[in-house]
Amino acid sequence: MSDLISCVTWVRRGVAAQHPTKYNLDEKELERISSLARIELEDARVELERASEAAKAMARVGEDEDVDDDADGWEDDNSQDQNEEVREDRMDEDTPPPTQSDPNDLSAYNLDEYDDEAADTAIGPFSNVKGLTYYRSNEDDPYITLKEDDNEEREELEILPSDHLLVTAKTQDEISQLEIYVYDESQDSLYVHHDIMLPSFPLCLEWLDFHPAGLHPTPTPNTSSTGNYVAVGTMEPEIEIWCLDTLEAIYPASVLGRPDLSQKHTPIPLGTGKKKRKKTKSRSVCATHHVDAVLGLAWNKNHPNLLASASADTTVKLWDLTRPTGGDGDVESGGALRSFQIHKDKVQSVQWNNLEPTVLLTGSYDRTVRTFDSRAPEKGLVAILGADVEALRWDPWENHSFYVSLENGLVLNYDARTLPSDSSSLARPRFTLAAHDGASPGLDVNPHIRGCLVTGGTDKLVKIWNVLGDGEGDVAQREVSLVTSRDLGIGKVFSAVFSPDDPLTVAAAGSKAKLQIWDVGANTGARKAFGNKLADISRTLKERPNGGVVGIASDNEDESGEED
């Protein structure tokens, strides 16, 4: 697998803790982890003992069979071994000590009793560990002269209120991790603040500021009522929620799903299995948890306790973050609040409508897009597409408009009010953009400037579009134009998103495992197209060095390992 960044998400400025805390693995944390993972330690111990006894029994049976086979020649071999031992004993007998004064005589050292003295003394590299002196911290140890400078480390890890934070899902050398970046706009500085190891390949990210069940901190003057978390969908059926204000974390803050029931990545073979290519039986869909990879996530900003997930098991599930995830073995404990099975193939993407907070938008590999009220999913609307769905976005400026990008590079805009309720009828898009030569997985709508759209494709280009022109009339008066495009040197673009705080700042990443920040306002065409709209929101644009692109230089610029 080549190195890549599969997805990027922004953290709203000012939410992150100024001084992140280090992960503490104490008894309370171990109990929480055991509850989240539903680990039955006693059952595991019993099973281990049973397996050990079974292995010993098999070993005894094997030894008995060997004894029966060698019984005929056992006596001769034994007598021969005894004769050899007698001869060796005779050769090892010590000669009597010399009677005359000998300079090599060592009898004065009482070496004959040396073994008796050593019998009472522990032997080994840790034989004197009880006599060692240890200290609770390096500050108390007089033999450590280079003391740790906690204040210096605290300053290095400090996150200022003016800093931007981003989270990327990166896979490098077959190791997956979350990388948390700090972007200082005033200094054009971008660096990795800390990272979090992941157990499986990440597919999607969703930032949220809601504290999951059981993680509400004790109110203090230095703590905030809002959280700083990221939900991660991977090739596993479970959804992991990690706290971004914790350093060196080894286990997520919360896990949505049932790892004890989902049988993660356990293939069920069909037939005898004698063929080289075994077919596997698809796992049955469950209403309480996913049974396949999680491909899309969406957090409801109006109802912050709700998280929607799209999965390769063809379902969309609704999770209540206030429900406890650890359980006592009950199947319903820690399960999804609702489950919607409205597609016939893998569900690639899911989005909440921020203007209609109960309405969901989903896109699937069955080449359909569906929108429905989560309270009445049977009354949904559908649009038939000509290719697989790559990404979806509601238009934050119109509650009935949404965009969908496809595998063939097209980006379509639909009016949900014109969609039919059944798949037998076709719905025409309001307009179509031939955005890229190849798939277009990167798609986002600007929340600050009406009509500003960013797309990214496997043709390695990031493009900015103006889809409204100067007016806001009907379809006939609507203008659609390309403002600017750029190859950011990130390879095939897998993710491109606007900043939630700056109007024309885009983060993009792709197949070269590099993150780039692009201030689109540094482009002359962008300033001309969006200057008036920025003036309306009291924002100004200025020229920036390097065309407004800020990134981290990669150690490996070779494209030879990149797949076509």
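Provided above is the structure to which this section pertains.
So, how was this worked out
- Residues numbered from 1 in each chain as written.
- Predicted model: local features only at pLDDT ≥ 70, side-chain atom pairs only at ≥ 80, totals over all residues.
- Heavy atoms only, no water.
- Pairing = 2+ DSSP bridges.
- Helix = DSSP H or I, 4+ residues; strand = E, 2+ residues; numbered from the N terminus.
- Axes fitted to C-alpha atoms, helices over the stretch in contact; angles between N-to-C directions.
- Buried < 20%, exposed > 50% of the residue type's maximum accessible area, 1.4 Å probe, protein only.
- Core = buried A, V, L, I, M, F, W, Y, C linked by side-chain atoms within 4.5 Å.
- Contact = heavy atoms within 4.5 Å.
- Salt bridge = Lys/Arg side-chain N within 4 Å of Asp/Glu carboxyl O.
- Patch = residues over 30% accessible without salt bridge, like charges linked within 9 Å, V, L, I, M, F, W, Y side chains within 5 Å.
- Areas by Shrake-Rupley, 256 points an atom, 1.4 Å probe, with all protein chains shown as cover.
- Expected span 1.5 Å × (residues − 1).

A short note on the sheet that holds strand β17 (residues 368-373)
Point 1. Here we have four strands laid out as an open sheet, ordered β15-β16-β17-β18, and antiparallel in their pairing. Bordering the open sheet on either side are β15 (347-352) and β18 (376-384), each of which pairs with just one other strand. Pairs of neighbouring strands in the sheet enclose a mean axial angle of 20 degrees, with direction left out of account.
Point 2. Inspection of the sheet shows β17 paired to β18 by five bridges, in the antiparallel sense. The residue of β18 that forms the bridge with T371 is L381.

Observations regarding the pairing of strand β11 (residues 294-299)
One face of the sheet, then the other: side chains in a regular strand alternate in exactly this way.
Point 1. Within β11, six of the six residues are buried, which leaves it mostly tucked inside the rest of the structure.
Point 2. Looking at chain direction, β11 and strand β12 (residues 306-311) are connected through five bridges and run antiparallel. Each residue of the ladder has a partner; that of V294, found in β12, is S311.
Point 3. The antiparallel pairing of β11 with β12 creates a hairpin that spans six residues between the two strands.

Observations regarding the nonpolar core
Point 1. V167, L178, L205, V230, I239, W242 and L307 are the most contacted members of the largest nonpolar core, which totals 39 residues.
Point 2. Where this core is concerned, the elements lending two or more residues are β1 (4-11), β3 (164-172), β4 (175-184), β6 (202-208), β7 (229-234), β8 (239-243) and β11.
Point 3. Residue contacts for L178: discarding those within four places in its chain leaves V167, T168, A169, H194, D195, I196, L198, L205, V230, V232 and W242.
Point 4. Listed in part, the 20 residues of the second largest apolar core include L488, I490, A508 and L534.

What about the pattern of salt bridges?
Point 1. For the structure shown, the criterion picks out eight salt bridges.
Point 2. For R12, the salt bridge goes to D209, with nearest N and O atoms at 3.2 Å. Taken together, the positions of R12 in the loop between β1 and β2 (21-22) and D209 in the loop between β6 and β7 put the pair 197 residues apart, joining distant regions of the chain.
Point 3. Judged by its relative accessible area of 14%, D209 is buried.
Point 4. For R393, the salt bridge identified is with D444, shortest N-O distance 3.3 Å.

What about a nonpolar patch on the surface?
Point 1. Together, L25, L30 and I250 line one region of the surface with nonpolar side chains, adding up to about 270 Å² of accessible area.
Point 2. With respect to the helices and strands, L25 occurs in the loop between β2 and α1 (27-37).

Concerning the environment of L208
Point 1. In this structure, L208 sits in strand β6.
Point 2. The exposure class of L208 is buried, given its relative accessible area of 0%.
Point 3. If near-sequence neighbours (up to four positions away) are discounted, L208 is found in contact with G227, N228, Y229, V230, A231, W299 and L321.

Remarks on helix α6 (residues 524-536)
Point 1. Between its first and last C-alpha atoms α6 spans 19 Å; for 13 residues at 1.5 Å apiece the expected length is 18 Å, and the two agree.
Point 2. All of the buried residues in α6 are A526, F530 and L534.
Point 3. The secondary structure elements touched by the buried residues of α6 are β24 (452-456), β25 (462-466) and β26 (481-486).

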